[in-house]
Each structure stands twice: as structure tokens, then as C-alpha cells.
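Here's the letter readout for the chains.
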Amino acid sequence: MTSTDSGKHSLPPSVVDALRCSVCSNPVDLVDRTVRCENGHSFDLARHGYVNLLHAKTPAGTADTPDMVAARVEFLDGGLYTPLATEIARSVMPFAGDGLVVDAGAGTGYYLARALDAAPEATGLALDVSAVALRRAARAHPRLGAAVWNLWEPWPVKSVSASVVLNVFAPRNGAEFRRVLRDDGALVVATPNPAHLSELAALVDMVKVDDRKEERLDATLSAFFELEGRQDVTREVSMTPEQVRQVVRMGPSAHHLHREDRQGLLARIVEPVAVTTSFTVSVYRPAPR
Ligand SMILES: C[S@@+](CC[C@H](N)C(=O)[O-])C[C@H]1O[C@@H](n2cnc3c(N)ncnc32)[C@H](O)[C@@H]1O
Ligand SMILES: [Zn+2]
């Protein structure tokens, strides 16, 4: 897609219906590419089609950087995480209907777009604090709208407006997940397993996945949700040296590794590497309010 046609990207009407003003919580309308509430708080759509609803600064280092986003786009295009996208879409589909799927920490919208493919009447809202990532998300699917927001703040999303909340390797705000979710909806969470990329952790000193993450995941969400089912998605894949570089650049280790150290270690990889990719997709149902 060229930059000249990016102006047509906007927010689907059902996404606008689900949004609320991030300042005063009143309903909003979209008029002439401006999201506005009756109290006159207004937020312009970016040329790329997402809306930035933030009005306070977010802590530095929270959002993915442009380099992390570019690496994720290149890596995901390579298709190695397609089995995960397929499992996420399979989990979202039974609950989506003609409702709203809110992807909390959607990044470039890759998984949300695949879920919308599987749910032909649903609409998607991508929330993320990274405007750079949402430029991509806003054009990842025709039924997807994107809004810049910090997930740790009360969301600019109406209560009981979502059929599904999706969360893929991103911050989990259980109270807000529950507030926006319908009682008959579902929360779908994807997390990496300890074996995920373990061969690379050894090779390039990446941040390792905490073994007790799953227990902590349940503890974070247990006040609001009950686990309904869990699916393991594990594949042995062969990554090209370029894909190894992409996966390191896009991941959490990109925040921690010094550029020179990282490049030195990565430069030594010249052959394809056998790597384990391993995720858990968990489906939770809301607990009674
Ligand atoms: C590891 S990425 C995953 C992105 C996407 N779900 C994917 O798998 O392709 C984590 C995402 O969470 C976003 N993020 C981190 N902290 C956030 C916050 N406080 N509020 C909103 N988004 C946040 C980052 O900008 C990034 O896009
Ligand atoms: Zn307002």
C-alpha cells in the first residue's frame, strides 16, 4: 500500500460506538476524522488511520521502538508464527459473533487481523501505546480500528462492549479486561513457554522466559476470570540468520541488550538455526461480577 492512499483508513463505526472519551468517559462521535465527546474533548485521526487518545505522558521505554516494530513486521511476514495465529483465531472465533474483539497490546495487529479473518462479522479494536506499531495495525484489516492508549490507565472503552479481549505477549490489566467484556464473552491470552526460543537464549544471551509465568498469569487474572481451556502450540522451526536477528530485535531483549554486544553475538550466526517456538493459548471466561 502506498502512502498516498493511507488517508482513507479510519475507524469502523462499531469501534467508535465502543469508545468513550479518555478525559471524561462520555460517548464519542467521529466527525471529519476527529473523535469528539459532547464536552468538547477532541482527538484527531492520524493520516494512517489510528486515533491517539492519550492526554498524559507514558513512561519512557513502555512502547515498542520503531526498530522493534520493523523487526516484528519482517519476522511475522516470514510465517513462522502462523500456527500460533491459527490457534488464536480458532479460540477467538466461537465468542466473537458480530461483536467487538479488543486486542490489548495489539502491536502491528497481526494476530487480531487473523482472528477477524476467522470471524467474518466481528470488528476489531487494537489498543497499544506504540503509535508506530498502530500505523501498521490501522491497515492490517478492513474491520479493524486502532487507538493509542496506555493499558495501565482506565481504558477509553465502554463497559460490557467487547465479545472477546485478546492479549498476546502484552501487559494484562485484569480489572479492565473484565470491565469491558460481556458476561458471555471470553478472554484469550497467548504467552510464551519456557522452551520458547531457548536455543537462542543460549546463543545470544536473550532474556529467558520465567518458568513460573503461567502460575502468575492465573494469579493475575483469577479475581476476574476462570480458566476454561489451554492449548499448547509448540513447533521446531529452522530460522535463517536473518530471522534470528529479527526475532532478537523484536523481542523484550531488545530493550536490554547493548547494541554492540548484540551485534557481535548475532554476527557469529551464519547458518540456519534449529529453534523451538512454544506458546500457550489460554481461554478464560469472566467470573460473575
Ligand atoms: C511483545 S509486543 C506484542 C505485540 C503484539 N501483540 C504481537 O504479538 O505482535 C508488546 C506490545 O505491548 C505494547 N505495550 C507495552 N506496554 C504497554 C502499555 N502500558 N500500554 C499499551 N501497550 C503497551 C508494546 O508497544 C507492544 O506493541
Ligand atoms: Zn470528554
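This section reports on the structure supplied with the text.

Reading guide: rules and limits
- Residues numbered from 1 in each chain as written.
- Chains lettered and ligands numbered in written order.
- Predicted model: local features only at pLDDT ≥ 70, side-chain atom pairs only at ≥ 80, totals over all residues.
- Heavy atoms only, no water.
- Patch = residues over 30% accessible without salt bridge, like charges linked within 9 Å, V, L, I, M, F, W, Y side chains within 5 Å.
- Areas by Shrake-Rupley, 256 points an atom, 1.4 Å probe, with all protein chains shown as cover.
- Salt bridge = Lys/Arg side-chain N within 4 Å of Asp/Glu carboxyl O.
- Lys, Arg positive; Asp, Glu negative; His and termini not counted.
- Charge placed at Lys NZ, Arg CZ, Asp CG, Glu CD.
- Helix = DSSP H or I, 4+ residues; strand = E, 2+ residues; numbered from the N terminus.
- Contact = heavy atoms within 4.5 Å.
- Donors = N, O, S within 2.8 Å, 3.2 Å for Na, K, Ca; no water.
- Buried < 20%, exposed > 50% of the residue type's maximum accessible area, 1.4 Å probe, protein only.
- Near = heavy atom within 4 Å.
- Polar contact = N/O pair within 3.5 Å; in protein donor to acceptor, adjacent residues only side chain to side chain.
- Nonpolar A, V, L, I, M, F, W, Y, C, P; charged D, E, K, R; others polar.
- Pairing = 2+ DSSP bridges.
- Axes fitted to C-alpha atoms, helices over the stretch in contact; angles between N-to-C directions.

1. Description of a positive patch on the surface
Inference 1: Positive charge collects at one region of the surface, where R47, R135, R136 and R139 lie side by side.
Inference 2: Considering the arrangement of structural elements, one finds R139 in the loop between helix 5 (131-137) and strand 7 (144-148).

2. Some remarks on the environment of A274
Inference 1: Looking at the element boundaries, A274 is found in strand 11 (residues 273-286).
Inference 2: C-alpha separation for the pair A274 and T240, spaced 34 residues apart in sequence, amounts to 9.1 Å.
Inference 3: Excluding residues that lie within four positions of it along the chain, A274 makes contacts with E199 and V237.

3. Describing the coordination of the zinc ion (ligand 2)
Inference 1: At the metal site, the zinc ion (ligand 2) is ligated by C21 (SG), C24 (SG), C37 (SG) and H41 (ND1), and these contacts range over 2.1 to 2.3 Å.
Inference 2: Counting along the primary sequence, the residues that act as donors to the zinc ion (ligand 2) give the motif C-x2-C-x12-C-x3-H.
Inference 3: The exposure class of C21 is buried, given its relative accessible area of 2%.

4. Structural notes on the site of ligand 1
Inference 1: The full set close to ligand 1 counts 19 residues, and G105, D128, N150, L151 and V168 are the nearest of them.
Inference 2: Contact distances for ligand 1 include 2.6 Å between an oxygen atom and a side-chain N or O atom of D128.
Inference 3: Within the contact set of ligand 1, a nitrogen atom lies 3.2 Å away from a backbone nitrogen or oxygen of V129.
Inference 4: Out of a free accessible area of 590 Å², ligand 1 has 91% covered by protein chains.
Inference 5: For the shell around ligand 1, the residue count by class is eleven nonpolar, five polar and three charged.

5. Examining the sheet that holds strand 5 (residues 100-104)
Inference 1: Taken together, the eight strands give an open sheet; going across it, the order is 4-7-6-5-8-9-11-10, and neighbouring strands pair in mixed fashion. Since the sheet does not close on itself, it has two edges, and those belong to strand 4 (51-52) and strand 10 (225-239), each with one partner.
Inference 2: Against the sheet, helix 4 (residues 110-118) engages strand 5, strand 6 (123-128), strand 7 and strand 8 (162-168), with an angle of about 170 degrees to strand 6.

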